[in-house]
Amino acid sequence: MPSSPVASPSPSTHPERTRQLRRVALSGLLGTAVEFYDFLVYGTVAALVFGELFFPGADPAVGTIAAFGTFAAGYVARPLGGIVFGHFGDRLGRKSMLLLTMGLMGGASFLIGLLPTYDTVGVWAPVLLIALRVLQGIAIGGEWGGATLMVVEHAGERRRGLWSSFTQMGAPLGSLLSSLVVTLVVAMPRDQFTAWGWRVPFLLSVVLLGVGLFVRLKVVESPLFAEVKKDRAESRLPILDVLRRPRPLLLACCVGIGAFTAQSLLTSYLIAYATGIGYARPQVLTALTVSAAVALVVLPCASALSDRVGRRPVVLTGAVLSAATAFPVLALIDSKSPGALILAVVIGHGIAQSTMYGPLGALLTEMFGTRVRYTGASLGYQGATLIGAGFSPMIAGSLVAGSGNGTPVALLLCGGSLITALTAWFVRETSRTSLSGAATELPATTRPEEITA
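Calculation rules
Residues numbered from 1 in each chain as written. Predicted model: local features only at pLDDT ≥ 70, side-chain atom pairs only at ≥ 80, totals over all residues. Heavy atoms only, no water. Helix = DSSP H or I, 4+ residues; strand = E, 2+ residues; numbered from the N terminus. Buried < 20%, exposed > 50% of the residue type's maximum accessible area, 1.4 Å probe, protein only. Contact = heavy atoms within 4.5 Å. Areas by Shrake-Rupley, 256 points an atom, 1.4 Å probe, with all protein chains shown as cover. Core = buried A, V, L, I, M, F, W, Y, C linked by side-chain atoms within 4.5 Å. Phe/Tyr/Trp six-rings, centres within 6.5 Å; stacked < 30°, edge-to-face > 60°. Lys NZ or Arg CZ within 6 Å of the ring centre and 35° of its normal. Salt bridge = Lys/Arg side-chain N within 4 Å of Asp/Glu carboxyl O. Axes fitted to C-alpha atoms, helices over the stretch in contact; angles between N-to-C directions. Parallel < 35°, antiparallel > 145°, perpendicular 65-115°, else oblique. Nonpolar A, V, L, I, M, F, W, Y, C, P; charged D, E, K, R; others polar. Patch = residues over 30% accessible without salt bridge, like charges linked within 9 Å, V, L, I, M, F, W, Y side chains within 5 Å. Left-handed = near helix turned anticlockwise from the far one by under 90°.

Colleague: Would you mind going over the overall build of the chain with me for this structure?
Modeller: When helices and strands are tallied, the chain shows 20 helices and zero strands. Expressed as a percentage of its 453 residues, the buried residues of the chain come to 59%. Put simply, 87% of the contacts in the chain that link residues at least 6 apart link residues at least 24 apart. Of the roughly 16800 Å² that the chain leaves accessible, carbon and sulfur atoms contribute 69%.

So this is what it looks like as structure tokens:
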């Protein structure tokens, strides 16, 4: 009987394995870059013009909150994507799901750039916008987990933290690209930007999509999953297997909350907040660009350090740093100095958030066995994004509008970081966990004495 394409043998020579690992790492980098480019472009444009284009009858503050509500809709859909694509990724294979998620993700972003506004089609404009955001969220829900675990499973026991950092680096790369593109289009006259300029960043996402799909087509299936498929040991219902032992999933959700709260508040929401207190849009976008460039250095360093000292100490350090600097960061932003704004975003996002975020790729994938890894890692990651990032801009906007100052932003940053710090105490160290063999079917948070026959 011919073998299944999924179960094809992994490359047998060391040079070929290394070549494939590099290709998989590049694929993960591009996939996450598309993900964050699409989401951050949306968050940026939502802060600038979506209130007036898609919710024109509302008060300006209410319009901005409504625009961020559609931003949250994409996050709400992410766990559903994690369940759907995780199921088929654990049943059929990682590669095919990753091709599908990337295509849906980039396609939805491109279509947002073609949407008619409220003045053209009335209420159908926000309805279509929300529908595309949900579709985008579903696709992204399956993208990160699959891309990250592909890198980790190809790396095997070789510096998994460092190799998984390529997927994590897609976040600042996507942020950097979105900031550069949006900086160019917001330099246009206001009437031109409102009329058509806002569409350009969404339409340009097709370029990233094309490059990403080209690289991803050349990637081979995960060798660990190929072994599971060969032995016909796939989980019939991965989501049920994950939920039977909910502790790893709950810890995976909570340990990422701080990183995503900081990422959301200090990127997407920052644009609305900083421009509202007097900063020019180019000044804010410059700060985000510098921060993203710093994060591209900090992320791989934090990830590589986690291979040496462990995932937990690095995540904990980033969480404590984020909580400790929350109020100073806000004070720098409120100083209304462009230089202080850059320093604030570099400290809060480029350094503290990146230190928390760097090891998460390896940590979350190591917490689940091969048979359910796609589902478990995806749900853990997307649960963290939903809680930490999905509602933070909307909550911050409402609280700031009510209080008249930015204190709620600092409190949200502190709260998210402290949740991550507390959770890090309960997560077992996974950097020395083997990904092969029966041991990988046990959660990394399960201790030997908890295992019963």
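Picking up where we left off.
Colleague: Mind showing me how you'd approach the nonpolar core here?
Modeller: Buried together is how nonpolar side chains tend to be arranged in soluble globular proteins. Ranked by internal contacts, the top residues of the largest apolar core, which has 92 residues, are F50, F54, W198 and Y357. Per-element tally for this core: the top contributor is helix 1 (residues 14-54), with 16 residues. Excluding anything up to four places from it in sequence, Y357 contacts F36, W144, Q168, A171, A259, F260, L299 and Y381. In terms of nonpolar packing, the next biggest core, distinct from the first, is built from 14 residues, F85, M97, A155 and W163 among them.

Colleague: What exactly am I supposed to notice about the packing of aromatic side chains here?
Modeller: Describing an aromatic ring pair means giving the distance of the ring centres and the angle of the ring planes. Summed over all chains, the structure comprises seven aromatic pairs. Taking 4.9 Å as the distance between ring centres and 85° as the angle between the ring planes, the aromatic pair formed by F260 and Y381 counts as edge-to-face. A residue pair is termed long-range when its members are at least 10 positions apart, and F260 in helix 12 (residues 257-265) and Y381 in helix 18 (residues 373-390) qualify at 121 residues. Like F260, the residue Y381 is buried in the burial classification. Three or more aromatic residues link up through ring pairs in this structure, and these residues are W144, F260, Y357 and Y381. Between the NZ or CZ atom of R133 and the centre of the ring of Y42, over which it lies, the distance is 3.9 Å. Sitting above the plane of the F193 ring, R281 keeps its charged end 5.8 Å from the centroid.

Colleague: Got a minute to help me understand the pattern of salt bridges in this structure?
Modeller: In a structure, side chains of opposite charge can pair up when their charged atoms sit close to one another. The final tally for this structure, using the stated rule, is nine salt bridges. A salt bridge links E153 to R94; the nearest nitrogen and oxygen atoms lie 2.9 Å apart. Here the residue E153 occupies a position in helix 5 (residues 124-155), and R94 occupies one in helix 3 (residues 94-112), the gap between them amounting to 59 residues. Judged on exposure class, the residue E153 and its partner R94 are both buried. Ionic pairing is found between E366 and R311, a salt bridge with its closest N-O pair at 2.7 Å. Highlighted residues: E366 in helix 17 (residues 360-366) and R311 in helix 15 (residues 311-334), separated in sequence by 55 residues. Because the salt bridges share partners, they merge into one network encompassing D90, R94, E153 and R373.

Colleague: Just checking my understanding: could you explain unusual backbone geometry for this structure?
Modeller: Where the residue is not glycine, phi is negative for most of them; where a peptide bond is considered, it is trans in most cases. In the Ramachandran plot, K336 falls in the positive-phi region, its phi being about 65° despite a non-glycine side chain. If you trace the backbone, K336 turns up in the loop between helix 15 and helix 16 (338-357). Using a relative accessible area of 53% as the deciding quantity, one classes K336 as exposed.

Colleague: Help me understand the environment of T420 in this model?
Modeller: By the secondary structure assignment, T420 is in helix 20 (residues 407-426). With a relative accessible area of 0%, T420 lands in the buried category. With 102 residues separating them in the primary sequence, T420 and G318 have C-alpha atoms 9.3 Å apart. Look past the residues within four positions of T420 in its chain and what remains in contact with it is C254, V255, G256, I257, G258, A259, V315, A319 and M356.

Colleague: Teacher, can you tell me more about the packing of helix 6 (residues 160-186) against helix 14 (residues 281-309) here?
Modeller: In a packed pair of helices, the relevant descriptors are the angle between the two axes and the axis-to-axis distance. Remark: helix 6 packs on helix 14, axes separated minimally by 8 Å, with the N-to-C direction vectors making an angle of 175°. Comparing the axis directions of helix 6 and helix 14 gives the class roughly antiparallel. Residues of the contact of helix 6 with helix 14, tallied by class, amount to 16 nonpolar, nine polar and three charged.

Colleague: Looking at this structure, I do not really get the environment of L40. What am I missing?
Modeller: By the secondary structure assignment, L40 is in helix 1. It is 8.4 Å that separates the C-alpha atoms of L40 and S179, two residues lying 139 residues apart in sequence. Beyond its immediate chain neighbours, meaning those up to four positions away, L40 contacts S175, S178, Q263, T267 and S268.

Colleague: It is not clear to me how a nonpolar patch on the surface should be interpreted in this structure. Could you clarify?
Modeller: On the surface, Y118, V121, V123, W124, V127 and L128 cluster together into a nonpolar patch covering about 540 Å² of accessible area. At the level of elements, helix 4 (118-121) and helix 5 are the ones that each hand at least two residues to the nonpolar patch. Here the nonpolar patch takes three residues from helix 5, the largest share from any one element. For Y118, the position within the fold is in helix 4. Using a relative accessible area of 35% as the deciding quantity, one classes Y118 as partly exposed.

Colleague: Looking at this model, I keep getting lost on the packing of helix 14 against helix 16. Mind explaining?
Modeller: For the pair helix 14 and helix 16, the least separation of the axes is 8 Å and the interaxial angle reads 30°. With respect to helix 16, the axis of helix 14 lies roughly parallel. For the crossing formed where helix 14 meets helix 16, the hand is right-handed. On helix 16, the residues that touch Q283, V284, T286, A287, L288, V290, S291, V294, A295, V298, L299 and A302 of helix 14 are P338, L341, I342, V345, V346, H349, G350, I351, S354, T355 and Y357. Residues of the contact of helix 14 with helix 16, tallied by class, amount to 16 nonpolar, seven polar and no charged.

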